[in-house]
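Geometric and topological summary
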Amino acid sequence: MQRMLSMHDLKPQDLQGLSPDAVTALAAHMLEHIQQQASELQSKAHELELQLFFNSQLWISVCRCSVLRSPGCGVEGAWEDAQGVARSGFPR
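Here the structure is a predicted model, which is why all the values come from computation and not from measurement.

Once that is clear, we can look at the overall build of the protein chain. Within the protein chain, the secondary structure is distributed over 3 helices and 0 strands. In the protein chain, the order of α-helices and β-strands from amino to carboxyl end is α-α-α. Within the protein chain, the fraction of its 92 residues that count as buried is 9%. Accessible surface for the protein chain amounts to roughly 7,900 Å². Of this, 60% is attributable to carbon and sulfur atoms.

Have a look at this one:
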């Protein structure tokens, strides 16, 4: 009895002896795996985009405070503004 190969271990010669039904089942499984990976990558990309936006807003707020030296402006206020942006996804 042959053992089942992992998708990462498959080689072209492993596919030659498969029946058409087995090739169809394997192709469906591979497509499902690719779609799952694409979804995970899209989710991670969105998460990174939000983090980048959050960090840029924080940096802008901190720089603005240090340049303008406005009274009552501190890192805490910048942190809260950036947190509000990160939570909602939109600037206040």
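Glancing now at the confidence of the model for the protein chain. Chain-level pLDDT for the protein chain is 75 on average; 65% of the residues reach the 70-or-more range. Confidence, expressed as mean pLDDT per element, reaches its minimum in the protein chain at helix α3 (residues 75-88) with 49 and its maximum at helix α2 (residues 20-68) with 88. Below pLDDT 50 for its whole length, residues 75-80 participates in 6 contacts with residues either more than four positions away or in separate chains. This stretch, residues 86-90, has a pLDDT under 50; its non-local contacts, to residues over four places away or in other chains, come to 3 contacts.

Quick notes on the rules
- Residues numbered from 1 in each chain as written.
- Predicted model: local features only at pLDDT ≥ 70, side-chain atom pairs only at ≥ 80, totals over all residues.
- Heavy atoms only, no water.
- Helix = DSSP H or I, 4+ residues; strand = E, 2+ residues; numbered from the N terminus.
- Buried < 20%, exposed > 50% of the residue type's maximum accessible area, 1.4 Å probe, protein only.
- Areas by Shrake-Rupley, 256 points an atom, 1.4 Å probe, with all protein chains shown as cover.
- pLDDT = per-residue confidence, 0-100.
- Contact = heavy atoms within 4.5 Å.

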